[in-house]
Amino acid sequence: MTEAVLPEVAAFQKFKIGFDPRDKKRVFEYWDDIFTSQKWTEGKYTQLFEEKWANWNGAPAVAFSSWAGGAMACMEYFQLSGKKVLVPTNTFMATPLSVIKAGAEVVFGDCNREDLCLSFDSVVKAAKEHNLAAVWLVHIGGHLAFDTKRIADFCRANDIILIEDAAHAHGASWNGQRPGTFGDAGVYSFYATKSISTGEGGILVSRHAGLIEFAKKYRNYGKFEHVVHGLNYRLSEFTAALGAVQVDRMDEIVAWKNEVATKFLDPVYANRVKFPSGMVSGLYKYIVFDRIENSTGRVYDKLCHTILGQSGNFANAEWVAQNHWCVPLYYAPEISL
Ligand SMILES: Cc1ncc(COP(=O)(O)O)c(C=O)c1O
């Protein structure tokens, strides 16, 4: 395919952390306050970050030092050890590893070609063949899985726990509903390449008050009663302060990326992931199905069942692994649109 020439907007094609330089001042003010307070962990900025996130997400939130902390808290709270958990093979190894580390068994499932995410059909098939206790639904690329609502209804009707891997899904919504609120819980990552970032970090959201309470203890060795056996997944106050600032900028970052996509990319890349009506993607990735030269590569080109040495027929995931590319799209507010 002929490469698109986009000289006037080339700056958005160079990797940049999803952070607005105008926010440095407020980050430094918060950090100054933290230095003065002598409270570098478990303080008011962790709480502020959680409150702001919960407000954006529409569900209570617990901050962690990584996605993994939130994921493991879910695995333990829902007592999945020894049980079967469906995981799409087209995901990052973090998802199946959380299941394995929890002493549960991974059942792999296929995805759709259109959205790269776990398909409704694969959930129904796996539930027929296995006694599934839970499903990890991964929102790949920044949009919500197109089958999210059907999968959530099916899981609810069949007493299957649904956990959303929202590691990529900052800023996404579907008719106003945010990731992590369709199922029983959702877990985000703030790793350095994400749409918005704190360098390292994660956040868990859930409508279950019991899980929220459990997660706060889980990230802190079960303090103080030690009934919950977690480890240290606490976020430092400095990171939490960065997170609190990032949440306030998130919708603007997402709107900016969407404007660039609509104005400059969509007219060039007809063969791309196209979102259903009412869905907003955070556009962590802009995914096309034609080979392009100027690509940041694929979201995943190795399927997890293959990495783990398992066999299986996942025709759509095999196709997706070979046939998608990411067009670079990074937040660069200095470009006037
Ligand atoms: C789909 C998915 N799940 C989980 C993770 C793990 O996140 P973290 O690195 O914050 O533990 C990632 C990381 O990039 C991811 O892409």
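The text that follows walks through the structure, step by step, so that each part is easy to find. (Residues numbered from 1 in each chain as written. Predicted model: local features only at pLDDT ≥ 70, side-chain atom pairs only at ≥ 80, totals over all residues. Heavy atoms only, no water.)

**Concerning the pattern of salt bridges**
- Under the criterion given, the structure shown has 18 salt bridges.
- Of the charged contacts in the structure, one is a salt bridge between Lys125 and Glu129, with a shortest N-O distance of 3.7 Å. With Lys125 and Glu129 both in helix H5 (residues 120-129) and 4 residues apart, the pair spans about one turn of that helix. In this pair, the class of Lys125 matches that of Glu129, namely exposed.
- The salt bridge partner of Glu225 is Lys217, with a shortest N-O separation of 3.2 Å.
- The exposure class of Lys217 is partly exposed, given its relative accessible area of 22%. (Salt bridge = Lys/Arg side-chain N within 4 Å of Asp/Glu carboxyl O. Helix = DSSP H or I, 4+ residues; strand = E, 2+ residues; numbered from the N terminus. Buried < 20%, exposed > 50% of the residue type's maximum accessible area, 1.4 Å probe, protein only.)

**A word on the layout of surface pockets**
- If you add up the space inside the largest pocket, you get close to 450 Å³.
- Lining the largest pocket we find 25 residues, and of these Phe92, Ala94, Ala167, Ser189 and Lys194 sit closest to its centre.
- Sorting elements by how many residues they give to the lining of the largest pocket places helix H4 (residues 94-101) first, with 4 residues.
- Residues that form the lining of the largest pocket fall into these classes: 12 nonpolar, 8 polar and 5 charged. (1 Å grid on protein atoms, 1.4 Å probe; cavity = no way out; pocket = protein on both sides within 12 Å on 5 of 7 lines; lining within 4 Å. Points joined across faces, edges and corners; volume = space filled by probe spheres on them. Nonpolar A, V, L, I, M, F, W, Y, C, P; charged D, E, K, R; others polar.)

**Overview of the environment of Leu116**
- Along the chain, Leu116 turns up in the loop between strand S3 (105-109) and H5.
- In this structure Leu116 comes out as buried when scored by relative accessible area, which is 1%.
- With 132 residues separating them in the primary sequence, Leu116 and Asp248 have C-alpha atoms 29 Å apart.
- Ignoring any residue separated from it by four or fewer positions in sequence, one finds Leu116 in contact with Asn90, Cys111, Ile140, Val273, Ile287, Phe289, Val299, Val320 and His324. (Contact = heavy atoms within 4.5 Å.)

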